[in-house]
Amino acid sequence: MRIINFHTHIYPEPIAEKATAAIGKFYTIEMDRIGTSEHLIKECRENGIDKCVIHSVATTAHQVPSINNFVIGECKKHKEFYGFAAMHPDFTDFEPELERVIKAGLKGVKIHPDTQQFDMDDERMFPFYEAISGRLPILIHCGDYRYKYSHPEKLARILDLFPKLTVIGAHFGGWSMPDLALEYLKDRNCYMDISSSFFVTGRKRAEELIKIYGAERMVFGTDFPMWDTKAELDNFFALNLTDKEKELILHKNAERILNI
Ligand SMILES: [Zn+2]
């Protein structure tokens, strides 16, 4: 079965080790892998993953173009990659950058409100959400009990305000609060990825959440370099899902979102 890993992170070689360690510190998780393209491709090959969507987050507006250049460059080098662009609320002249990344073949946008330190429903983001509606999907990190920036309630608000926006709420729409996310995101028009979730939900609850939301809303991801690819696939394949559901989550939904 074709597998697309929808949620992976890579960093430029010279800073990869430091950046990976910083993420580990942010999440107080031991990081065994380093977030480079080379390591990611190796893990994919070893585990039968055909493609991955790569993300890189800009912590300042100033970084946006250079990070996008990096993602574009890695996608050109590696046929296994689909790239998502970085964005930041202070990057106000976003339209030319948007045109540029679309022309260069990027397939979406990723934001991480907690590390970028802004509310995902901050009005500064509204023109951008409007501009990408119907044009590019956006993956939004959701739900960290330590911050309010990425609360699933804010995602629900964005879905109300921008009905044409294609959103993927990362981590069942609520990284450390998947059950609370359910209150806000059940029966809503958004996708979710199941990355960085099993450590909170366990297999049984993950299976229940997939059944409640519906497999047609879910995409598989590992949040590389956060988790071991094989262990995450083992978790996924242990779920009691039909082949049709597995197919949707492992590649069909991703193909629809990415328009490939
Ligand atoms: Zn992420």
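Everything below is about the structure shown above.
Residues numbered from 1 in each chain as written. Predicted model: local features only at pLDDT ≥ 70, side-chain atom pairs only at ≥ 80, totals over all residues. Heavy atoms only, no water.

(A) Examining the coordination of the zinc ion more closely. Looking at the metal site, the zinc ion is ligated by His 7 (NE2), His 9 (NE2) and Lys 110 (NZ), spaced 2.0 to 2.1 Å from it. In the primary structure, the donors to the zinc ion are separated according to the pattern H-x1-H-x100-K. Remark: Lys 110 occurs in strand β4 (residues 108-111) and His 7 occurs in strand β1 (residues 4-9); sequence separation between them is 103 residues. Considered together, His 7 and Lys 110 belong to a single accessibility category, that of buried residues. (Donors = N, O, S within 2.8 Å, 3.2 Å for Na, K, Ca; no water. Helix = DSSP H or I, 4+ residues; strand = E, 2+ residues; numbered from the N terminus. Buried < 20%, exposed > 50% of the residue type's maximum accessible area, 1.4 Å probe, protein only.)

(B) Summary view of the nonpolar core. Ranked by internal contacts, the top residues of the largest apolar core, which has 69 residues, are Phe 128, Tyr 129 and Ile 138. Of all the elements, helix α3 (residues 64-77) adds the most residues to this core, at six residues. In this structure, Tyr 129 is in contact with Ile 111, Met 120, Ile 138, Ile 158, Phe 162 and Leu 165, ignoring residues within four places of it in sequence. (Core = buried A, V, L, I, M, F, W, Y, C linked by side-chain atoms within 4.5 Å. Contact = heavy atoms within 4.5 Å.)

(C) Region of interest: the packing of α3 against helix α4 (residues 94-103). Interaxial distance between α3 and α4 falls to 11 Å at its minimum, and their mutual angle equals 5°. One finds that α3 runs roughly parallel with respect to α4. Here Val 64, Pro 65, Asn 68, Asn 69 and Ile 72 of α3 lie close against α4, whose contacting residues are Glu 97, Arg 100 and Val 101. (Axes fitted to C-alpha atoms, helices over the stretch in contact; angles between N-to-C directions. Parallel < 35°, antiparallel > 145°, perpendicular 65-115°, else oblique.)

(D) Looking closely at the pairing of β4. Side-chain alternation along β4 places Gly 108 and Lys 110 on one buried face and Val 109 and Ile 111 on a second face that is also buried. Both strand β3 (residues 81-86) and β4 contribute to a ladder of three bridges, which runs parallel. Looking across to β4, one finds that Phe 84 is bridged to Gly 108. Remark: the β3/α4/β4 crossover connection has right-handed handedness. As defined by bridge partners, β4 adjoins strand β5 (residues 138-140) across three bridges and the pair is classed as parallel. Counterpart to Ile 111 in the pairing with β5 is Ile 140. (Pairing = 2+ DSSP bridges. Right-handed = clockwise from strand over helix to strand, strands pointing away.)

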